[in-house]
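Chain by chain, the residues:
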Amino acid sequence: MSNSNALPVLRTPDLPTAYRAVKRLLNLAIPMDSFNVSAETEALTLEEVQRMAAAFPTATIAPADPYRPESNDDVRRMVVAGDPNVAALLPVSLILERLPVGSIEESFFGVVGSGPGSIDWDCFSWPAVPELGLAVRNKDAYVQIALNSRDVFRDVPAEDHTVFVHFRQGDVERAEWLARQAGLQPVGPVEWGW
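Structure report, in brief. Not measured: the values here are computed from a predicted model. (Residues numbered from 1 in each chain as written. Predicted model: local features only at pLDDT ≥ 70, side-chain atom pairs only at ≥ 80, totals over all residues. Heavy atoms only, no water.)

### Here's the deal with the sheet that holds strand β6 (residues 142–147)
One open sheet holds the 8 strands; their spatial order is β3-β4-β2-β5-β6-β7-β1-β8, and the pairing between them is antiparallel. Edge positions in the sheet fall to β3 (60–63) and β8 (191–192), since each of these pairs with one other strand and no more. Of the pairings in the sheet, the one linking strand β2 (residues 30–43) to strand β5 (residues 117–125) comprises 8 bridges and is antiparallel in character. Its bridge partner being in β5, Ala-39 is matched across the sheet by Ile-119. Lying on the sheet, helix α1 (residues 15–26) is in contact with β1 (5–12), β2, β5, β6 and β7 (161–167); it crosses β6 at an angle near 175 degrees. In this fold helix α2 (residues 46–55) packs onto β2, β3 and β4 (92–100), with an angle of close to 150 degrees to the strand it touches most, β2. (Pairing = 2+ DSSP bridges. Helix = DSSP H or I, 4+ residues; strand = E, 2+ residues; numbered from the N terminus. Contact = heavy atoms within 4.5 Å. Axes fitted to C-alpha atoms, helices over the stretch in contact; angles between N-to-C directions.)

### Here we look at the side chain of Arg-76
With respect to the helices and strands, the residue Arg-76 is situated in helix α3 (residues 72–81). At a separation of 2.6 Å, a polar atom in the side chain of Arg-76 contacts the main-chain carbonyl oxygen of Ala-59. Beyond its immediate stretch of four places on either side in the chain, Arg-76 contacts Ala-53, Phe-56, Pro-57, Thr-58, Ala-59 and Ile-61. (Polar contact = N/O pair within 3.5 Å; in protein donor to acceptor, adjacent residues only side chain to side chain.)

Below you can see the structure in the form of structure tokens.
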């Protein structure tokens with residue numbers, strides 16, 4: 001088992017700009033049978049979590065604090081009812097896992113607030129790059145937007161969003177090549193990925 005490396009290739013306060021960059025990167029990818037998108041974000045206010053619950057009625061909505069006793073169903077009921085006790089649970093996380101590419105992106109971007117989050121695409125291969133001596137690679141191939149954050153794990157808050165190309169350790173030339181093909185360039189050092 002290994003962890004990916006991640007190269008930041010764009011920082012922007014504009015989520016549609018970040019998503020267009022991701023689409024250009026994904027146009028280079030070779031999809032597998034289950035090309036997926038997953039997303040998670042934190043709601044910092046009752047209004048944000050209500051917007052999220054309305055947009056994604058079957059998504060997991062849970063306190064960001066894993067030690068809270070409330071279940072997903074409890075939190076959802078409280079949110080939908082407008083229960084003021086939701087304030088004690090904030091921040092609350094919206095979690096969407098392994099869905100078909102194209103099925104959630106626009107709606108998800110519409111409910112993202114000011115809390116940290118991430119949306120990532122996987123189950124594809126990066127193409128071969130013969131001029132660099134690189135074969136097709138599916139191991140550790142991901143694209144990610146870190147929302148309101150400057151790092152992969154969303155530990156560095158920001159007022160902008162960062163697009164990352166994830167790749168197999170040692171394949172930094174591939175990540176740089178992918179960025180160039182998508183009209184992007186590195187905006188920071190390589191980070192440890194997932």
